[in-house]
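Here is how the chains run, residue by residue.
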Amino acid sequence: MVIGAVPQRDAGEATRARIVEVALELIADRGFSATTTREIAERLGFTKAALYYHFRTKDDLLAAIAPRPTLVVSGSEDKYSRDADKVVAKAGGSHITELRVAR
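What you see is a predicted model, and the numbers here were worked out from it, not measured in a lab.

The rules behind each value
Residues numbered from 1 in each chain as written. Predicted model: local features only at pLDDT ≥ 70, side-chain atom pairs only at ≥ 80, totals over all residues. Heavy atoms only, no water. Buried < 20%, exposed > 50% of the residue type's maximum accessible area, 1.4 Å probe, protein only. Helix = DSSP H or I, 4+ residues; strand = E, 2+ residues; numbered from the N terminus. Arc of directions from axis to C-beta. Core = buried A, V, L, I, M, F, W, Y, C linked by side-chain atoms within 4.5 Å. Contact = heavy atoms within 4.5 Å.

Participant: Tell me about helix H2 (residues 37-44), and name the residues and values.
Facilitator: Of all the positions in H2, only Thr37, Ile40, Ala41 and Leu44 are classed as buried. Along the long axis of H2, the arc covered by the buried residues comes to 95 degrees, so they all point the same way. In the segment just after H2, Gly45 is the residue with positive phi, at about 80 degrees.

Participant: Provide a residue-level description of the nonpolar core, including the pertinent values.
Facilitator: The biggest cluster of nonpolar side chains holds 16 residues, and the ones touching the most others in it are Ile19, Val20, Ala23, Ile40, Leu61 and Ile65. Counting residues per element, the ones that place at least two in this core are helix H1 (8-30), H2 and helix H4 (58-65). No other element matches the seven residues that H1 contributes to this core. Ignoring sequence-local partners within four residues, the contact set of Ile19 consists of Ile40, Leu44, Phe46, Leu51, His54, Phe55 and Leu61.

Right, here's the structure in full:
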């Protein structure tokens, strides 16, 4: 192992966390259905193949997002409440403990 190198597992976990953060930003802005994996990959500077290495499907990515205790959506409540309902329905609602709109 090279001194100062990040272990591969830690680097993979950091990459997954970055993907989740970017996906949350885009989903908050556009909604789950309107956000594509291509947009997520482009925002990260990845290829879609690199994104799929970490999350095989968009639903797998949603499953990684859903367990977060709070999902805050910025914007008007009218616009995002419809998307929030879709996210909760898609996740089965069981892992989201709070879903609110930030003002």
